[in-house]
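Here's the letter readout for the chains.
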Amino acid sequence: MELYNLKHPSQVVNFSEAVQLGLGKDRGLFFPKSIPVLENMDELLALPFAARSKRILGAWLASELGQESVDKLVDHAFTFDAPLVKADDNRACLELFHGPTLAFKDFGARFMAQCVNLLAGDNKLTILTATSGDTGAAVADAFYGLDAVQVVVMYPKGKISELQEKMFTTLGKNIHTVAVTSDFDDCQTLVKQAFDDSDIRDGLHLNSANSINISRLLAQICYYFEAVAQAKRHSDDEVVISVPSGNFGNLTAGLFAKAMGLPVKRFIAATNSNDTVPRYLAAGDWAPNSTVATMSNAMDVSEPSNWPRVEAICEAMGWPLSSITGLALTEAQTSAALAELYQLGYQSEPHAAIAAQALSSELKAGETGIFLGTAHPAKFKDVVDVQLNINLPLPPELEAVVDKPILSAQIAADFEQLKTHLFKTLT
């Protein structure tokens, strides 16, 4: 598999190099030189999830890693289901929160951890990542206890739910967490600055586990195939998928799936009040505003780092950007969407509710809608309980961390503070 740097196309790497580098020169994203197209789609969709995922990922990676290695990566990473659960006659939720940290990012983080374990050899790596919620827990769980990897997770202090926070800030060992007194976009900026600093990048053998890492995106492709496979068992309608969108890695993976031949009619990029992309798709003007705090905090991103890949896929496939529908919901609309699902008998949370409401606005006759359930509702218990006037029970994974102390350091959104902290903690 060959990939090139979107900012510097002359920089070409293989999959192993892309995984270990994370970012290219000048923070450029790696993008595949070619996208494999799968044949015999009906046969492929009839396979079980893990068996199908081995075929999908093998199409990208078998030539470099060998199919046997790909099979082992899948067997170790994908150990849980992604059921498609009916919400009403026209909409169903692909529940991606049945992994160990109750969020869709378990798929990508666990696959990446297995790839790093396979490819790193004797190299010692430092994973530096920013999270707006679920990435932190998924990455921490996936890399916890690996001797060759130190993990540093930064997050905006006070702007993720307490239960989200406790799932990755209470572990210790090789997991180090930093609360930044600012927003997620500033956390991302600090990560980018760290990658630009040769002392940190080379001295700590820096890598990233955000969705900028290509291994995470490839893993996420697989559950889009699972969504369509389950939908096609019940209906011949054309499939429309609504993606709750923050950093836009999830939509990127969906577009890769479509480019590989998955029969998806179109995608909806559903955001909260941080609506840079919907405004851009409507008017063609890329104009990020200051990040706004919302109840769907994992989507509180104004400058999504994966957007260049979205444009690159569309260009490679000859798709106009207008083939993607962008919709943004206010807080009041999010609240109403959450209540509507609850009245229908489906328990959700704010991110999925936004995607579900976007489907309601856009579905046409002859279409069936799938919205992604990216996190267990209990991860947002503080919001869900207030919005629905209920007392949501905690699953065992969350119950286990409720009383654990948070081990995070705290810094301002200041690069020199981060640099000092990294070298003090890791060396």
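As a reminder, the structure under discussion sits directly above these lines.
This write-up is about the structure you can find in this document. Because the structure is a prediction, the values reported are computed rather than measured. (Residues numbered from 1 in each chain as written. Predicted model: local features only at pLDDT ≥ 70, side-chain atom pairs only at ≥ 80, totals over all residues. Heavy atoms only, no water.)

Regarding the pairing of strand β7 (residues 149-156)
Applicable threshold: Between buried and exposed lies partly exposed: a residue is buried under 20% and exposed over 50% of the maximum accessible area for its type, with that area taken using a 1.4 Å probe on protein chains only. Numbered from the N terminus, helices here are DSSP runs of H or I no shorter than four residues, and strands are runs of E no shorter than two. Strands pair, by our definition, only if DSSP identifies at least two bridges between them. Looking down the strands as they point away from you, a crossover is right-handed if its path from the first strand over the helix to the second goes clockwise.
Within β7, seven of the eight residues are buried, leaving the element largely enclosed by the surrounding structure. Summarising the sheet, strand β6 (residues 125-130) and β7 pair through six bridges and their orientation is parallel. Residue pairing across strands places Leu128 opposite Val152, the latter belonging to β7. You can see the chain leave β7, run along helix α7 (residues 162-169) and come back into strand β8 (residues 175-180), and the turn it takes is right-handed.

Quick look at the packing of aromatic side chains
The line we're drawing: What counts as a ring pair is set by centres within 6.5 Å for rings of Phe, Tyr and Trp (its six-membered ring), and what kind of pair is set by the plane angle: stacked under 30 degrees, edge-to-face over 60, tilted for all other angles.
Throughout the structure, instances matching the rule amount to 17 aromatic pairs. Here the aromatic rings of Tyr280 and Trp307 are separated by 6.0 Å at their centres, their planes lie at 85°, and the arrangement is edge-to-face. Of the two residues, Tyr280 is situated in helix α12 (residues 276-283) and Trp307 in helix α13 (residues 307-317); the sequence distance between them amounts to 27 residues. Note on Trp307: relative accessible area 4%, which makes it buried.

Concerning helix α11 (residues 249-259)
For an α-helix the count is 3.6 residues per turn, leaving residues at separations of three or four pointing the same way. Across the eleven residues of α11, ten count as buried, placing the element largely inside the fold. Of all the positions in α11, only Gly249, Asn250, Leu251, Thr252, Ala253, Gly254, Leu255, Phe256, Ala257 and Ala259 are classed as buried.

Considerations on empty space enclosed by the protein
The condition that has to hold: The distinction between a cavity and a pocket rests on a 1 Å grid over the protein atoms alone: a 1.4 Å probe fits inside a cavity but cannot get out, while a pocket stays open yet meets protein on both sides within 12 Å along at least five of seven lines, and a residue with an atom within 4 Å of a point counts as lining. Grid points are joined across faces, edges and corners, and a volume is the space filled by probe spheres set on the points. Just so you know the grouping, Ala, Val, Leu, Ile, Met, Phe, Trp, Tyr, Cys and Pro go in nonpolar, Asp, Glu, Lys and Arg go in charged, and all remaining residues, Gly too, go in polar.
Following the criterion strictly, the structure yields one cavity of 30 Å³ or more and no others. Its volume calculated, the largest cavity comes out at about 260 Å³. Forming the boundary of the largest cavity are 22 residues, of which Phe104, Lys105, Gly246, Asn247 and Ala298 lie nearest the centre. Of the residues that constitute the lining of the largest cavity, the class distribution is seven nonpolar, twelve polar and three charged.

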